[in-house]
Amino acid sequence: MDTFTHFCPEHTGMLIAIAVLTVSGLILMRKVNSNTAVNTLRILSVAVLIGEAVQDFLLVSEGGDIMDFLPLHLCNLGIFLNLLASFTKGRTQSFFAEISLVLIMPGSAGALLFPDWTYRPFWSYLPLLCFFTHSLTFFIPLAFLALRRVCVSFRHFLYSYLFLALTVPPIYLLDKKFGQNYMFLMYPPSDSPLEWIHNITGAQFYIPGLLVLVTAVLLFEYLIYEGARKVFSR
């Protein structure tokens, strides 16, 4: 079989394995000492960067164009946010970790649930590397939360918008100039929630529709985190 489908037996099994490893990893991170936890996050953050580099090297060695594989999707940008969070301290660490938690982590979850790398055989290097990197960009910000190294607050609600304001315009211009689709700004991946947005808004209002989706997700997350903090602070 040259392709696989969303939620086929292999994909479902991979999602179950990722869920088990994520929960186990978070429990383990809470049990080890602080220095070990931080060093582990640094190692994992570097491992994601290496995984992305290996993936791109293999794709280019197959004859692909490097312009097609730049680390400019939202989850790819999370690689650099997690590195910054892992190698900083205090408020700076919390700043980068919070953006990764509320913005990148849901994107990574969406990519794991609705991968756009289904055009390759499931057990080939590309899907396996993609599952590896996206699993870690999902896990790392949750680990910062479990270690209480990030303070999620409605006062920080604009952090993600600041990050998007700095990254989306240049990536959009690059997409337009070179015919790319980084951050899926030009069109959505098939069989994904972004395609549902496109079907509702049409091509003309697709990007505003993405902004509404991001805002809805952020509001939901911040309400959950604020509620949880009030409950556990009693």
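Provided above is the structure to which this section pertains.
A quick note: this is a predicted structure, and the numbers were derived from the prediction, not measured.

**Re the overall build of the protein**
Part 1: Counting secondary structure elements, the protein contains eight helices and zero strands.
Part 2: Going from the N terminus to the C terminus, the protein shows its helices and strands as α-α-α-α-α-α-α-α.
Part 3: By principal-axis analysis of the C-alpha atoms, the protein measures approximately 50 × 35 × 30 Å.
Part 4: The buried share among the 234 residues of the protein stands at 45%.
Part 5: Within the protein, counting contacts between residues at least 6 apart in sequence, those at least 24 apart form 74% of the total.
Part 6: If you sum the accessible surface of the protein, you get close to 12,500 Å²; carbon and sulfur atoms cover 70% of it.

**Describing the environment of L74**
Part 1: Of note, L74 is situated in helix α3 (residues 74-86).
Part 2: Among residues more than four places away in sequence, those in contact with L74 are L103, I104, F163 and M183.

**Observations regarding the packing of aromatic side chains**
Part 1: In the structure shown here, the tally under the stated rule is 12 aromatic pairs.
Part 2: Each ring, one from F114 and one from W196, has its centre 6.0 Å from the other, and the planes form 80°; the classification is edge-to-face. Linking F114 in the loop between α4 (90-113) and α5 (125-146) with W196 in helix α7 (residues 193-201), this pair joins segments that are 82 residues apart in sequence.
Part 3: Grouped by ring-pair contacts, the aromatic residues F4, W117, F122, W123 and F131 constitute a single cluster.
Part 4: Directly above the ring of F178 sits K177, whose terminal nitrogen or CZ lies 5.7 Å from the centroid.

**So, the nonpolar core**
The nonpolar side chains of soluble globular proteins are, as a tendency, buried together.
Part 1: F131 and I140 are the most contacted members of the largest nonpolar core, which totals 60 residues.
Part 2: Put simply, the parts of the chain that give this core at least two residues each are α1 (9-31), α2 (34-61), α3, α4, α5, α6 (159-178) and α8 (206-232).
Part 3: The dominant element in this core, judged by the number of residues it contributes, is α5, at 11 residues.

**A few points about the packing of α6 against α8**
If you want to describe how two helices pack, look at the angle between their axes and the distance between the axes.
Part 1: At a minimum axis distance of 13 Å, the contact between α6 and α8 shows a crossing angle of 155°. The angle between α6 and α8 places the two elements in the roughly antiparallel class. Read as a crossing pair, α6 and α8 show a hand that is right-handed. Taking contact as the criterion, the partners of S160, Y161, L164 and Y172 in α6 are, on α8, I207, L211, V214, T215 and L218.
Part 2: Along the lines of polarity and charge, the residues of the contact of α6 with α8 split into seven nonpolar, two polar and no charged.

**Topic: the pattern of salt bridges**
Part 1: According to the stated counting rule, one finds one salt bridge in the structure shown.
Part 2: Measuring nitrogen to oxygen at the nearest pair gives 2.9 Å for the salt bridge that ties E62 to R120. Separated by 58 residues along the polypeptide, E62 in the loop between α2 and α3 and R120 in the loop between α4 and α5 bring together distant segments of the chain.
Part 3: For E62, a relative accessible area of 47% corresponds to the partly exposed category.

**Describing α8**
Part 1: When the terminal C-alpha atoms of α8 are compared, their 39 Å separation across 27 residues agrees well with the 39 Å that a helix rising 1.5 Å per residue should span.
Part 2: Looking only at α8, the buried set comprises Y206, G209, L210, L218, E221, Y222, Y225 and E226.
Part 3: Where α8 is buried, its residues touch α4, α5, α6 and α7.

Parameters and conventions
- Residues numbered from 1 in each chain as written.
- Predicted model: local features only at pLDDT ≥ 70, side-chain atom pairs only at ≥ 80, totals over all residues.
- Heavy atoms only, no water.
- Helix = DSSP H or I, 4+ residues; strand = E, 2+ residues; numbered from the N terminus.
- Buried < 20%, exposed > 50% of the residue type's maximum accessible area, 1.4 Å probe, protein only.
- Contact = heavy atoms within 4.5 Å.
- Areas by Shrake-Rupley, 256 points an atom, 1.4 Å probe, with all protein chains shown as cover.
- Phe/Tyr/Trp six-rings, centres within 6.5 Å; stacked < 30°, edge-to-face > 60°.
- Lys NZ or Arg CZ within 6 Å of the ring centre and 35° of its normal.
- Core = buried A, V, L, I, M, F, W, Y, C linked by side-chain atoms within 4.5 Å.
- Axes fitted to C-alpha atoms, helices over the stretch in contact; angles between N-to-C directions.
- Parallel < 35°, antiparallel > 145°, perpendicular 65-115°, else oblique.
- Left-handed = near helix turned anticlockwise from the far one by under 90°.
- Nonpolar A, V, L, I, M, F, W, Y, C, P; charged D, E, K, R; others polar.
- Salt bridge = Lys/Arg side-chain N within 4 Å of Asp/Glu carboxyl O.
- Expected span 1.5 Å × (residues − 1).

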